[in-house]
Amino acid sequence: MKGRVVYYLESFVIFLFAIIGCLFMIINSFILIIRKGPGAFFKVNRREAPPKCLLDAALGEHGYVVLKSGIKIHYVANGDPKNPLMLMLHGFPEFWYSWRHQLKHFCDKYYVVAVDNRGYGQSTKPKGVAEYTLNKLGEDVKQTVEALGRKSCVLVGHDWGGAIAWHVASKYPQVVDKLIALNGPHPSGYRRFVRTHFSQVIKSWYISFYQIPFLPEYLARCADYGVIDLCLRGKQAGVRNRDRITKEDIEAFKHNFDEPGKERRVTC
């Protein structure tokens, strides 16, 4: 009985903050429309050709694996395939290119593979929230390791990729030789902390906001994918040293979400 009460209470809190987040984003959008003008706010530039940085051969070779589930995973690999596998999972709003520095740094000792997670980049984008559960995302990782001809890997995850990495290590420990989680706390520790620190609930409002259908994806495209500028070079959410993220890098991320010939949908 107690467990059910806690479940319904947590569900109510998630719903409440989803609504609050929705109102906050709508108000913020109106402010931006007034400041920038409707034309600039709703404008999305078409990016027909990829920036040169995405074509850099030094980052590795592009490839695909088709999983048993039918999901096609795109990846970029660098290093000797005979070396131990290092598999990298990105966060939001990112794709394989987030690991561009690591692809070159670790390729002398590892076969480094940076994937586009399900729903991102050139990987399959199945429709419906039910297609993006941790169980399915974790199964993608397990099957990707197997499709690459390996039994295990050094698993590296950042942000939401870190959450997937923790899940894989918990459910399929035989697949993970070593786990490196960046900006992704252990799920149990996070749940304990968020239940006792309301400040963390407030800071995590966007997680609830992303549960709302349509609106997060629509707003992410506004101001020419302004969410990417905010997350990568923003004053609060961006990197501290903005010189580490160039304008060309920003264009690479925006091109990834707006690639011609692909379905133009941001997976939140």
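All figures in this text were calculated on a predicted structure; none of them were measured in a lab.

What follows is about the overall build of the protein. Looking only at helices and strands, the protein has 10 helices and six strands in total. Seen through its principal axes, the protein has C-alpha atoms that stretch 55 × 55 × 35 Å. In the protein, 69% of the contacts between residues at least 6 apart in sequence involve partners at least 24 apart. As displayed, the protein has an accessible area near 15200 Å², and 60% of this comes from carbon and sulfur atoms. Separation of charge centres in the protein, based on 38 positive and 24 negative side chains, amounts to 5 Å.

Take the sheet that holds strand S1 (residues 61–66) next. Two strands in a sheet stick together by hydrogen bonds in their backbones, pointing the same way (parallel) or opposite ways (antiparallel). Here six strands make up an open sheet; going across it, the order is S1-S2-S4-S3-S5-S6 and the pairing mixed. Edge positions in the open sheet fall to S1 and strand S6 (176–182), since each of these has one partner strand only. Within the sheet, the average angular offset between the axes of one strand and its neighbour, ignoring direction, is 25°. On top of the sheet, helix H4 (residues 134–147) reaches S1, strand S2 (72–78), strand S3 (85–89), strand S4 (111–115) and strand S5 (153–158); it is set at about 145° to S3, its chief contact. Lying on the sheet, helix H5 (residues 160–171) is in contact with S3, S5 and S6; it crosses S5 at an angle near 145°.

Here the amide bond leading from Phe92 into Pro93 is cis, since omega sits at 0°, within 30 degrees of zero. Within the element layout of this structure, Pro93 appears in the loop between S3 and helix H3 (100–105). Notably, Ala223 is not glycine yet its phi reads approximately 55°, a positive angle. Counting through the fold element by element, Ala223 comes out in helix H9 (residues 215–233).

Moving on to the state of the cysteines. Going through the model one piece at a time under the given rule, you end up with zero disulfides. No disulfide involves Cys153; its nearest neighbouring cysteine sulfur is the one of Cys107, lying 17 Å away. Cys153 gets classed as buried once you look at its relative accessible area, which sits at 1%.

Here His167 shows up in helix H5. Separated by 3.5 Å, the side chain of His167 and the backbone oxygen of Leu134 make a polar contact. In this structure, His167 is in contact with Leu134, Asn135, Gly138 and Tyr172, ignoring residues within four places of it in sequence.

Here we take up the side chain of Asn83. The residue Asn83 is located in the loop between S2 and S3 in this model. On the basis of relative accessible area, Asn83 is assigned to the buried category, the value being 19%. Leave out the neighbours within four places in its chain, and Asn83 touches Cys107, Asp108, Lys109, Tyr110, Tyr111 and Arg150.

Attention now goes to the pairing of S6. Pairing of S5 with S6 involves six bridges; the strand directions are parallel. Across the sheet, the residue bridging to Gly157 is Ala181, located in S6. On the question of chirality, the crossover connecting S5 to the parallel S6 by way of H5 is right-handed.

Let us now look at the packing of aromatic side chains. Enumeration according to the criterion identifies 14 aromatic pairs in this entry. Chaining the aromatic ring pairs together yields one cluster made of Phe92, Trp160, Tyr206, Phe209 and Tyr210. Above the plane of the ring of Tyr64 lies Lys72, whose end atom (NZ or CZ) is 4.8 Å from the centre.

Counted by the stated rule, this structure contains 11 salt bridges. With its nearest N and O atoms 3.5 Å apart, the salt bridge here joins Asp249 to Arg100. In this pair, Asp249 is assigned in helix H10 (residues 247–257) and Arg100 in helix H3, connecting sequence segments 149 residues apart. Looking at Asp249, the relative accessible area reads 6%, which means it is buried. One network of salt bridges, with partners in common, ties together Arg47, Asp224, Asp229, Glu251 and Lys254.

Cut-offs and rules
- Position numbers for residues count from 1 along each chain, tracking the sequence in the order it is written.
- Residue-level local features of this predicted model are given only where pLDDT is at least 70; pairs of side-chain atoms are given and counted only at 80 or more, and the full residue set underlies all totals for whole chains, interfaces and linings.
- Note that water and hydrogens are dropped before the side-chain values are worked out from all heavy atoms of the structure.
- Only DSSP runs of H or I reaching four residues or more are called helices, and only runs of E reaching two or more are called strands; each is numbered from the N terminus.
- For this analysis, residues touch if any pair of their heavy atoms sits within 4.5 Å.
- Each accessible area is a Shrake-Rupley estimate made with a 1.4 Å probe; only the visible protein chains count as cover when residues are assessed.
- Charge assignment in this entry is limited to Lys and Arg as positive and Asp and Glu as negative, and neither His nor the chain termini are counted.
- In this description, the location of a charge corresponds to atom NZ of lysine, CZ of arginine, CG of aspartate or CD of glutamate.
- At least two DSSP bridges between two strands are required for those strands to pair.
- Simply put, an axis is a line fit to the C-alpha atoms, just over the touching stretch for a helix, and the angle between two N-to-C directions goes from 0 to 180 degrees.
- Note on terminology: disulfide denotes any pair of cysteine sulfur atoms within 2.5 Å.
- Between buried and exposed lies partly exposed: a residue is buried under 20% and exposed over 50% of the maximum accessible area for its type, with that area taken using a 1.4 Å probe on protein chains only.
- We define a polar contact as two N or O atoms separated by no more than 3.5 Å, with the added condition that, inside protein, one atom must be a possible hydrogen donor and the other a possible acceptor, whereas residues neighbouring each other in sequence contribute only through side-chain atom pairs.
- The definition of a right-handed crossover adopted here requires that, viewed with the strands pointing away, the path from the first strand over the helix to the second runs clockwise.
- Geometry of aromatic contacts follows a simple scheme: Phe, Tyr and Trp rings, the Trp one being its six-membered ring, pair when their centres are within 6.5 Å, and the pair is stacked under 30 degrees between planes, edge-to-face over 60, tilted otherwise.
- As a reminder, the over-ring test applies to NZ of lysine and CZ of arginine, requiring each to be within 6 Å of the ring centre and within 35 degrees of the ring normal.
- A pairing counts as a salt bridge when a side-chain nitrogen of Lys or Arg comes within 4 Å of a carboxyl oxygen of Asp or Glu.

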